[in-house]
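Residue-level listing of the chains:
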Amino acid sequence: GYDSLEEYLKLKTDVFTDSEAYWAKVAERIDWFEKWTDVNKTNYHDAHIEWFTSGKLNASYNCIDRHIKNGLGEKTALIWQSNDVNVSKDVTYNELLVHVSQFANALKKANIQKGDRVCIYMQMIPEAIVAMLACARIGAPHSVVFGGFSADALLSRIQDADAKLVITADGGFRKGAPFALKPAVDDALKGKHNVAHV
């Protein structure tokens, strides 16, 4: 949030008059392990655009840890509502950190390292968020593939990302009816790929 309406209006104006100052101010709202040297370096001749040069941050840390550090550990981080109106789940920042840390360690045990690509083929459940944040935590870029895509569509995305690991579930529910996910992964992996683990 902003401290006042005046601050918001000034920042809104700054985005047009001094965009670097605007983005520098916005970037102060998150935690950086190393602050950037330049907000933006753009060379249109070489089509090179660089934001927050030399800056280092972790999206997982910014989504979870910094809130815990600020005393919000028992506040709700995720509210999940299933298709069944009687089934929902609230997850606190403290709980989310435990799950994400455990899953990040599982990824490391599966030999996923910084820079390795991971494909996530799941329904929209809290575990999908845990998987995304765990990937971000260890520096493994992830590609989320819609759970309704066919095995062929999934394979093309696995190949495009050159994924080393696929995260999925046995299945889920859509419009009250069960549907399978893992069989589509099995079919997809009959094609050419570099996936080492599912």
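As shown above, the structure is provided for reference.
Residues numbered from 1 in each chain as written. Predicted model: local features only at pLDDT ≥ 70, side-chain atom pairs only at ≥ 80, totals over all residues. Heavy atoms only, no water.

## Focus: the packing of aromatic side chains
Line of reasoning, step 1. Taken as a whole and judged by the stated rule, the model has eight aromatic pairs.
Line of reasoning, step 2. Summarising the aromatic geometry, the rings of Phe33 and Tyr61 are spaced 5.2 Å apart at their centres and angled 65° between planes, so their arrangement reads as edge-to-face. Of this pair, Phe33 sits in the loop between helix H2 (19–27) and strand S1 (38–43) while Tyr61 sits in helix H3 (residues 59–69), and the two are 28 residues apart along the sequence.
Line of reasoning, step 3. With a centroid separation of 5.5 Å and 85° between ring planes, the pair formed by Phe146 and Phe149 is classed as edge-to-face.
Line of reasoning, step 4. An aromatic cluster of at least three residues, connected via ring pairs, comprises Tyr22, Trp23, Trp32, Trp36, Trp51 and Phe52.
Line of reasoning, step 5. Taking the ring centre of Trp36 as reference, the NZ or CZ of Lys35 above it sits at 4.9 Å.
Line of reasoning, step 6. Above the plane of the ring of Phe179 lies Arg174, whose end atom (NZ or CZ) is 4.0 Å from the centre. (Phe/Tyr/Trp six-rings, centres within 6.5 Å; stacked < 30°, edge-to-face > 60°. Helix = DSSP H or I, 4+ residues; strand = E, 2+ residues; numbered from the N terminus. Lys NZ or Arg CZ within 6 Å of the ring centre and 35° of its normal.)

## Let's talk about the pairing of S1
Line of reasoning, step 1. The pairing of S1 with strand S2 (residues 48–53) spans five bridges and is classified as antiparallel. Counted as the bridge partner of Thr42 is Ile49 from S2.
Line of reasoning, step 2. From the end of S1 to the start of S2, which pair antiparallel, there are four residues, and Ala47 there has a positive phi angle of about 55°. (Pairing = 2+ DSSP bridges.)

## As for the nonpolar core
A general tendency of soluble globular proteins is for nonpolar side chains to be buried together.
Line of reasoning, step 1. By size, the foremost hydrophobic cluster in this structure holds 24 residues, and its most contacted members are Leu96, Val100, Leu107, Ile112, Val118, Leu165 and Ile167.
Line of reasoning, step 2. Of all elements in the fold, only strand S3 (76–81), helix H4 (93–109), strand S5 (118–121), helix H5 (126–138) and strand S7 (165–168) reach the threshold of two or more residues within this core.
Line of reasoning, step 3. With seven residues, the single largest contributor to this core is H5.
Line of reasoning, step 4. Those residues in contact with Val100, other than ones at most four positions away along the chain, are Ser60, Ile64, Val130, Leu133, Ala134 and Arg137.
Line of reasoning, step 5. Core analysis: the next-biggest nonpolar cluster, separate from the first, contains 17 residues, Cys119, Ala151, Leu154 and Ile158 among them. (Core = buried A, V, L, I, M, F, W, Y, C linked by side-chain atoms within 4.5 Å. Buried < 20%, exposed > 50% of the residue type's maximum accessible area, 1.4 Å probe, protein only. Contact = heavy atoms within 4.5 Å.)

## Focus: the environment of Lys109
Line of reasoning, step 1. Position of Lys109 relative to the elements: it lies in helix H4.
Line of reasoning, step 2. Taking relative accessible area as the criterion, Lys109 reaches 77% and is therefore assigned exposed.

## Overview of the side chain of Thr92
Line of reasoning, step 1. Turning to its location among the elements, Thr92 is positioned in strand S4 (residues 88–92).
Line of reasoning, step 2. Beyond its immediate sequence surroundings of up to four residues, Thr92 is in contact with Gly73, Glu74, Lys75, Thr76 and Ala77.

## Focus: the packing of H4 against H5
Line of reasoning, step 1. Across the interface, H4 lies against H5 with an axial gap of 8 Å and an inter-helix angle of 65°. The element H4 and its partner H5 pack so that their crossing is right-handed. Along its contact with H4, which presents Leu96, Leu97, His99, Val100, Ser101, Phe103, Ala104, Leu107 and Lys108, the element H5 presents Val130, Ala131, Leu133, Ala134, Cys135, Arg137 and Ile138.
Line of reasoning, step 2. Residue composition of the contact of H4 with H5, by class: 12 nonpolar, two polar and two charged. (Axes fitted to C-alpha atoms, helices over the stretch in contact; angles between N-to-C directions. Left-handed = near helix turned anticlockwise from the far one by under 90°. Nonpolar A, V, L, I, M, F, W, Y, C, P; charged D, E, K, R; others polar.)

All we've got here are geometric facts, nothing functional implied.
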